[in-house]
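Below, each chain spelled out in residue letters.
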Amino acid sequence: MSTTALRDLESILKKDQIKTDEESLKYWGRDWTTYFDIKASAIVFPHSTADVVALVQWARQNKIALIPSGGRTGLSGAAVATNDEVVVSFDQMNKIKEFNSVDQTVVIEPGVVTEALQQFAHSKQLFYPVDFAARGSSQMGGNIATNAGGIKVVRYGLTRDWVVGLTVVTGTGDVLELNNGLVKNATGYDLRHLFIGSEGTLGFITEATIKLAANPPPMNVLVMGVTGLDAVMKIFAEFKTKTPLVAFEMFSDKALRKVLDSTGLSAPLATECPFYVLAEVETRNEQDQEHALGVFEKCLEEGWVLDGVISQSEVQAKTFWRYREDISESLAKYSPYKNDIAVAISKVPPFMEDLDQVLSKAYPNWEVVWFGHIGDGNLHINILRPEGMTKEEFVKECRKVDVMVFDAVKKYKGSISAEHGVGLTKKTFLNYTRSEAEIQLMRGIKKVFDPDNIINPGKVI
């Protein structure tokens, strides 16, 4: 950044809203991906929509790119600065502004942490249901920009389903008020949904109106050891059709061992099994509990489940969830190469069989850890970096196999990214999921909202 551009920047923001020291550039210039060289020129912290408008106008005038940044928990490189961009962090726009008890909505700034919104909803005897392991650090602006899913999609859907209004600043500096919290609004294109899932490529989300749900009934959590991949979907079908299912997760024995080694938790079952599923069901009364237990017993009788346990308290239920939610943290020290993919739920078993063969052949001596939101067709593949292998060599080898993995995804008409977006990591593979006509339309939309290509350039398309 030139001296003149920096001086102009300092004229529109306060001194404490700008950081240029090396430590800050490295900290705010990255997300959870670990394979990019970070090169940011400055970090800025807007306090208002007006600040963001001024930043966009400054960026257009000085031809400087801006990178939207939230909790930086993404895994696609969408929030990474690699080319002297200015990172726009929303850490200081983190207010919960207005609650409407009649509409059961809340207006928030983009820097509000997911868990803070959940706690606020709880204080109003309501519920914000979109949930995932990164709830304590992910920010709502980023969740909206990636249309975050998580662990309760089976029952409550995606972030998109809970956003009833947005305020955005486009790449031209225009402020758009989108939908204004309306339930019904049949007046043409709903531009709100273009920004949800856009990965910050069309503009900046500066405010959101989120609807809240009624508090859920009590839950029971079951952990079941299963015989194999085919059994996983049979168990899912049984619970989905016969219980009020909220979540259905799968993880491999390798994933469980990593969690046990990392956390010191005791194994959930006496029987060691190749795969495990975790099911969460609503149990409004004793009859619901007995019914859930009956479904579990049916799965045992059919031979799909080898062993299992059902939570007897809220504390125990939280412990059971740790077996699934602590997986990513337990793998972090291995610098895993991750893939986040999805197919239609009905196609999960044959897809997993095909993919398992691809990975076993490609990585015969490497450790591959599986887990996923099987209830919505979303799988997470984690390839652990072998000891002694350089980062560069490891990534090069993994990207060779990406082609085979995404060929399998394409065969089943799935998605190369279920939750974490395209960003930088999957940009070259977008054609495996989107047709050329779709990609060209997306590029055209990008030009309309950001004609100077200053908002998160080089990401997605």
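Shown above is the structure to which this text applies.
In what follows, the accompanying structure is described. No experiment lies behind these values; they were computed from the predicted model shown.

Brief notes about helix α11 (residues 314-325)
Right, on to step 1. Here α11 contains 12 residues, and its C-alpha end-to-end distance of 16 Å stays within 8% of the 16 Å for a straight helix at 1.5 Å per residue.
Right, on to step 2. For α11, the full list of buried residues reads Ala317, Phe320, Trp321, Tyr323, Arg324 and Glu325.

A short note on the environment of lysine 411
Right, on to step 1. Summarising the element assignment, lysine 411 is placed in helix α14 (residues 391-411).
Right, on to step 2. Take lysine 411: its relative accessible area is 58%, and that puts it in the exposed class.
Right, on to step 3. Between the alpha carbons of lysine 411 and valine 343 there is a distance of 9.9 Å; along the sequence they are 68 residues apart.
Right, on to step 4. At 2.9 Å, the side chain of lysine 411 and the side chain of aspartate 354 are in polar contact.

Re helix α15 (residues 436-449)
Right, on to step 1. Taking 1.5 Å as the rise per residue, α15 with 14 residues should run 20 Å; its terminal C-alpha atoms sit 20 Å apart, in good agreement.
Right, on to step 2. Along α15, the residues classified as buried are Ile439, Lys446 and Phe449. When α15 is viewed along its axis, its buried side chains cluster within an angular range of 90° and face the same direction. Across from the buried face of α15, at angles greater than 90 degrees, the exposed residues are Ala437, Leu441, Lys447 and Val448.
Right, on to step 3. Along its buried surface, α15 packs onto β8 (163-170), β9 (175-178) and α7 (192-195).

Considering the nonpolar core
Right, on to step 1. Within the largest apolar cluster, 56 residues are counted, with the highest numbers of intra-cluster contacts made by Ile235 and Phe239.
Right, on to step 2. Of the residues forming this core, the biggest block, 8 residues, is contributed by α14.
Right, on to step 3. Leaving out residues up to four positions away in the same chain, isoleucine 235 has contacts with Met224, Val226, Phe248, Val277, Cys299, Trp304 and Val305.
Right, on to step 4. Grouped together as the second largest cluster of nonpolar side chains are 31 residues, Val112, Phe132, Trp162 and Ala208 included.

Concerning the pattern of salt bridges
Pairing between side chains of opposite charge can happen when the charged atoms of each approach one another.
Right, on to step 1. Inspection of the entire model under this criterion finds 20 salt bridges.
Right, on to step 2. A salt bridge links arginine 324 to glutamate 249, with the nearest nitrogen and oxygen atoms 2.7 Å apart. On the criterion of sequence distance, the pair formed by arginine 324 in helix α11 and glutamate 249 in strand β13 (residues 245-252) is long-range, its members being 75 residues apart.
Right, on to step 3. Classification of arginine 324 as buried rests on a relative accessible area of 6%.

Observations regarding the sheet that holds strand β3 (residues 66-69)
Right, on to step 1. The mixed open sheet is built from 4 strands, whose spatial order is β1-β2-β4-β3. Each edge of the open sheet carries a strand with a single partner, namely β1 (18-19) and β3.
Right, on to step 2. As judged from the 2 bridges shared by β1 and strand β2 (residues 40-44), these two strands associate in the antiparallel manner. Looking across to β2, one finds that lysine 19 is bridged to isoleucine 43.

Conventions used here
- Residues numbered from 1 in each chain as written.
- Predicted model: local features only at pLDDT ≥ 70, side-chain atom pairs only at ≥ 80, totals over all residues.
- Heavy atoms only, no water.
- Helix = DSSP H or I, 4+ residues; strand = E, 2+ residues; numbered from the N terminus.
- Expected span 1.5 Å × (residues − 1).
- Buried < 20%, exposed > 50% of the residue type's maximum accessible area, 1.4 Å probe, protein only.
- Polar contact = N/O pair within 3.5 Å; in protein donor to acceptor, adjacent residues only side chain to side chain.
- Arc of directions from axis to C-beta.
- Contact = heavy atoms within 4.5 Å.
- Core = buried A, V, L, I, M, F, W, Y, C linked by side-chain atoms within 4.5 Å.
- Salt bridge = Lys/Arg side-chain N within 4 Å of Asp/Glu carboxyl O.
- Pairing = 2+ DSSP bridges.

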